[in-house]
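Now for the letters of each chain:
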Amino acid sequence: MFGLRKNRSPLTTARQVDIDLLLRRNVESITPEWVRQVDVVTDIKPWGLDSVEGQQRLEMAADHVLQRLPSAVTRCELAIRSLEDLAFPSTYTPSQEGGAAVITLAGETIVDPLRTVIELAYQYACHFWHQFTDGRELDLHSRTTNLFPICCGLGVLASDACFYDQNWTQAGWSGWSMSRAGYYNAAEIGYALALFCRTRHETRPPWISSLRLDSKVAFEKATNYFTAQSRHGNRLLFDAETIPSTRCDPRELAGWLTSEDAVMAYASSLALVQRDDLPPSVAESALTAIRRGDRDLAPAATRVLGRLRTIEPEVESCLQRLITRGSAVMRAAAFESAEKLGMSLEPFQPQLIRLLKQPAVDPLPVLQIIRRQGKAFAAMAPTICQMIGYAIRDEEDLWTQQLIEGLEAIVDDPHAVIEKQIRVPKLREQALEQLQRQQTHDESRAQMGEPKQFG
């Protein structure tokens, strides 16, 4: 037992599945042969970026980055803007009307050579996937594109840049600040680098000594985990011959869902929740996966129940139990499935109110469920008004708008409800102003024949 605990993956099931599948897609797209021959960069000092500044540093860094990417990655135009104008450390603008694609870096990013290099690598990865993708939306997400530089030998740099603090001195003042580059943290990059080594048939290459400690710990844990999986005859999702996907038969996916391998089971659940009208035979597999109690797999399997063709008594009983006694994450998944299956949610309004206030879950999907219940859920109006006041106080404009739209859906006179329920005059006035703007906007859309949208 203790040996098994020692060789656990350093990541949660969900994060491991994500990186396994997306790094696999990157490797397949670049080709494993190219990934195996690439050199790993551990130090950019020889590039001489410290000796130049501004546009010259940007152009020089881009030259070095492009030398380490596949030849299919073509050169982009490079620009610099202020961080205040750009709002991000770097951005990518695809080619439009025959013009060149543009990568723009914030001037504050250019000050740091390492950030310059890694932001260029991430944006050139976007450029590659805009040219390569067959239409999959996930290909263009940073979850995919930020793994591309790791496959090209820039993983050590990505680890160095992902999170670090910086000392500064200005006009007699000094201090420090923390910054982060990229979508993944150090542990996740360490795990991805272990998969990178697996592709290259390496166990402990010399560049590991250059890896920052938090990534190195994750790398070593991942390597030990891979070895233990092989010893027990288990295939990693990363290099399995067949992986769960929406193209698989639901019965095959249901078989994987009950696998002892939580990673394969979770990947199967992701494929199943993208299907509709699942046969009743999937229900037992989903219920078995829920009973395992894995913190990632159990909520995903609960959502699988919402895709069933029919609702059986055992499924209904399970969802009712999870709604009343499950964790916040499980309750959110159970409410989602119960609604899809047409179960009445009226008896569970107190649980839904508590869930809406729960910081452990995303409140927007919960609010959308409440909104779709309509006037039957008018009793939730005081809670929503209270949250509107908090959102206005915290200057969360988008969340304020969403809450007001939700309030409009469940009461006949939202103006009167706000007047009554929001006691602080300033907050009440702002809420009424936002309500008026929203109603005017909705009327304009209605006159133009456009449907009202939520969220």
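Refer to the structure printed above.
Owing to the predicted nature of the structure, the values given are computational and were not obtained by experimental measurement.

Visitor: What's the story with the overall build of the protein in this structure? I'm lost.
Guide: Looking only at helices and strands, the protein has 24 helices and five strands in total. Structurally, the protein occupies a C-alpha span of about 70 × 60 × 50 Å along its principal axes. Here the protein has roughly 22,700 Å² of accessible surface; of this, 49% comes from carbon and sulfur atoms. In the protein, which carries 50 positive and 58 negative side-chain charges, the distance between the mean positions of the two groups comes to 7 Å.

Visitor: Which parts of the structure should I look at to understand the environment of Thr203?
Guide: The residue Thr203 is located in the loop between helix 11 (186–199) and helix 12 (213–231) in this model. Thr203 sits 20 residues away from Thr223 along the chain, and the two C-alpha atoms are 7.8 Å apart.

Visitor: Mind showing me how you'd approach the pattern of salt bridges here?
Guide: Any two side chains of opposite charge can pair, so long as their charged atoms come close to each other. Tallying each qualifying case throughout the model produces 21 salt bridges. Between Arg136 and Asp134 there is a salt bridge whose closest N-O contact spans 3.4 Å. Look at Arg136 and you get partly exposed, because its relative accessible area is 40%. One salt bridge connects Arg200 with Glu202, and the closest N-O pair in it is separated by 3.1 Å.

Visitor: When you look at the packing of aromatic side chains in this model, what are you seeing that I'm missing?
Guide: Working definition: an aromatic ring pair is given by the centre-to-centre distance plus the angle between the planes. Here the structure, examined in full by the defined rule, presents nine aromatic pairs. On the numbers, 5.4 Å between centres and 85 degrees between planes, the contact of Phe128 with Trp129 is edge-to-face. The class for Phe128 is buried, based on a relative accessible area of 5%. Pairwise contacts between aromatic rings join Phe128, Trp129, Phe132 and Phe148 into one cluster.

Visitor: Looking at this structure, I do not really get the nonpolar core. What am I missing?
Guide: Among soluble globular proteins, nonpolar side chains are generally buried collectively. In this structure, Leu120 and Tyr124 are the most contacted members of the largest nonpolar core, which totals 145 residues. Top element by residues in this core is helix 7 (residues 113–132). It accounts for 11 residues. What Tyr124 contacts, discounting residues up to four positions off in sequence, is Ala62, Val65, Leu66, Leu69, Val73, Thr74, Arg75, Cys76, Leu78 and Ile103.

Visitor: I would appreciate a short explanation of the packing of helix 7 against helix 10 (residues 155–162) in the present structure.
Guide: Helix packing for two helices is described by the angle between their axes and how far apart those axes are. Two elements in contact, helix 7 and helix 10, have axes separated by 10 Å at closest approach and are oriented at 120 degrees. Considering only the axes of helix 7 and helix 10, their crossing is left-handed. Of the residues in helix 10, those touching helix 7 at Leu114, Val117, Ile118 and Tyr122 are Leu157, Ala158, Asp160 and Ala161. Across the contact of helix 7 with helix 10, the residue classes tally to seven nonpolar, no polar and one charged.

Visitor: Please explain the sheet that holds strand 3 (residues 102–106) as it appears in this structure.
Guide: Adjacent strands of a sheet pair through backbone hydrogen bonds, lying either parallel or antiparallel. Here three strands make up an open sheet; going across it, the order is 1-3-2 and the pairing mixed. Pairing within the sheet leaves two strands with one partner each, and these edge strands are strand 1 (77–81) and strand 2 (90–93). Direction aside, neighbouring strands of the sheet carry axes that sit 20 degrees apart on average. As paired strands, strand 1 and strand 3 are joined by five bridges and run parallel to one another. In the sheet register, Arg81 faces strand 3, and the bridge partner there is Ala106.

Conventions and cut-offs
Residues numbered from 1 in each chain as written. Predicted model: local features only at pLDDT ≥ 70, side-chain atom pairs only at ≥ 80, totals over all residues. Heavy atoms only, no water. Helix = DSSP H or I, 4+ residues; strand = E, 2+ residues; numbered from the N terminus. Areas by Shrake-Rupley, 256 points an atom, 1.4 Å probe, with all protein chains shown as cover. Lys, Arg positive; Asp, Glu negative; His and termini not counted. Charge placed at Lys NZ, Arg CZ, Asp CG, Glu CD. Salt bridge = Lys/Arg side-chain N within 4 Å of Asp/Glu carboxyl O. Buried < 20%, exposed > 50% of the residue type's maximum accessible area, 1.4 Å probe, protein only. Phe/Tyr/Trp six-rings, centres within 6.5 Å; stacked < 30°, edge-to-face > 60°. Core = buried A, V, L, I, M, F, W, Y, C linked by side-chain atoms within 4.5 Å. Contact = heavy atoms within 4.5 Å. Axes fitted to C-alpha atoms, helices over the stretch in contact; angles between N-to-C directions. Left-handed = near helix turned anticlockwise from the far one by under 90°. Nonpolar A, V, L, I, M, F, W, Y, C, P; charged D, E, K, R; others polar. Pairing = 2+ DSSP bridges.

Taken by themselves, the reported measurements are silent on function.
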